[in-house]
Amino acid sequence: MRAPFLIDCDTGIDDAIALSYLACRADVEVAGIVSTGGNVPAATVHRNNLVLTGLLGLEVPVALGADRPLVEPPMFADDTHGPAGLGHAVLPDPVRAEDPRRGAQLWIDLARERPGELTGLVLGPHTNLALALELEPELPRLLRRLHVMGGSIHHRGNTGPTSEWNIAVDPEAAQRVLAAFATAPRRPVLGALQATERIVFSATQLERLEQLAERSPHPVARILADAVRFYFEFHRADGFGWMAHVHDPLVTAHAVTGDFAGTRPLAVDVELAGTLTRGQTVGDELGRWGREPTVDLLAEVRPAEFVEHLLSTLEAGLG
Ligand code: RIB
Ligand code: CA
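Residues numbered from 1 in each chain as written. Chains lettered and ligands numbered in written order. Predicted model: local features only at pLDDT ≥ 70, side-chain atom pairs only at ≥ 80, totals over all residues. Heavy atoms only, no water.

It is worth spelling out the pattern of salt bridges at this point. Tallying each qualifying case throughout the model produces 25 salt bridges. The partner of Asp259 in a salt bridge is Arg302, with the nearest N and O atoms 2.1 Å apart. Here the residue Asp259 occupies a position in the loop between α12 (248-257) and β9 (262-266), and Arg302 occupies one in the loop between β12 (295-299) and α13 (303-318), the gap between them amounting to 43 residues. Residue class for Arg302 comes out partly exposed when judged on its relative accessible area of 33%. Arg264 serves as the salt-bridge partner of Glu285, at 2.7 Å between the closest nitrogen and oxygen. With Glu285 in the loop between β11 (281-283) and β12 and Arg264 in strand β9, this pair connects stretches of sequence that are 21 residues apart. Judged by relative accessible area, which is 37%, Glu285 ranks as partly exposed. Several salt bridges share partner residues, and in doing so they unite Glu210, Glu214, Arg222, Asp226 and Arg229 into one network. (Salt bridge = Lys/Arg side-chain N within 4 Å of Asp/Glu carboxyl O. Helix = DSSP H or I, 4+ residues; strand = E, 2+ residues; numbered from the N terminus. Buried < 20%, exposed > 50% of the residue type's maximum accessible area, 1.4 Å probe, protein only.)

Listed below in structure tokens is the structure:
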């Protein structure tokens, strides 16, 4: 029995690793993909998703999302992911046709078709899920569960001093999604920076990807190696040294396996009005708000075990 997933992503280098990982898993059905603007514009994300699903053999609906956040002006991360979103990778032209629906509609249709079965995985800004909630407020009860890469709890940001990229791009959308899913039968799992930055690719992992690309005829092996090399160059230029924080795959693998990290309940909300802190995800550790927990926060990450699992899964699936 393969577990169905809808992936809403801003592909992006680590999004591409996560999509490849899912394609390598025999226990996962990728039911659909929503292309959300973030690392690069939505149209570029969409092209990346259409090319990657074609090369990965994922004959699944890929729907284009909104071309801007709900309120915030669009911003992109060309420096981090490259102008085309996949670093140095050279992609062929897409051969797959896009799904004619808008991203928000794909969320709604897939959730309604399989009530209680579909796991939602948000690896980019929350724009299209928020739009879907406006049209179908029952989504939190139609989905099996929601898993999100985003936010930073009691930890510095990576976009503003206190804000993480996926939330900073569209804070209004993130706030609406967290509020709506707080009442879901199972709280969303939130993989925030203090957890995902425990996942570090060193030169060893980059070399493993390069060796995979050298020996494997699979085109995605070369795409990932060339994309991740660019990601290392960004992290070095950003002062972190020759390494890369790999965020989306941890949240993805935990959503599939329940492994590699624990969780703890926490009331989390998004700051919208702060002049210095807009887009910050605030966690109420002492219960000062008097609110029930809104997320299950990823914690107690096991980095070495996860990184080995990720690389060996990619080597087996793309080898
Ligand atoms: O802050 C990291 C997140 O922002 C990741 O999802 C990365 O792909 C970017 O979208
Ligand atoms: Ca992402």
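Continuing now.
For Pro74, the position within the fold is in the loop between β3 (62-64) and α3 (78-81). Distance in space between the C-alpha atoms of Pro74 and Pro41 is 8.3 Å, their sequence separation being 33 residues. When residues no more than four places from it in sequence are discounted, the contact partners of Pro74 are Arg68 and Pro69. (Contact = heavy atoms within 4.5 Å.)

Below, the discussion takes up empty space enclosed by the protein. Under the criterion given, the structure shown has one cavity of 30 Å³ or more. Within this model, the largest cavity holds a volume of roughly 80 Å³. Lining of the largest cavity is provided by 14 residues; of these, Gly37, Gly38, Asp67, Arg68 and Pro69 occupy positions nearest its centre. Classifying every residue of the lining of the largest cavity by side-chain character gives seven nonpolar, five polar and two charged. (1 Å grid on protein atoms, 1.4 Å probe; cavity = no way out; pocket = protein on both sides within 12 Å on 5 of 7 lines; lining within 4 Å. Points joined across faces, edges and corners; volume = space filled by probe spheres on them. Nonpolar A, V, L, I, M, F, W, Y, C, P; charged D, E, K, R; others polar.)

Let us look at the sheet that holds strand β4 (residues 119-122). Across the sheet, which stays open at both edges, the eight strands sit in the order β3-β2-β1-β4-β5-β6-β12-β9 with mixed pairing between neighbours. Unpaired on one side and paired on the other, β3 and β9 mark the two borders of the sheet. Direction aside, neighbouring strands of the sheet carry axes that sit 25° apart on average. Alignment of β9 against β12, held across five bridges, turns out to be antiparallel. In the strand pairing of β12, Leu266 is matched with Val295. Each of β1 (3-9), β2 (28-35) and β4 is contacted by helix α1 (residues 13-23), which is oriented at about 165° to β1, the strand it contacts most. (Pairing = 2+ DSSP bridges. Axes fitted to C-alpha atoms, helices over the stretch in contact; angles between N-to-C directions.)

These figures come from the coordinates and say nothing about function on their own.
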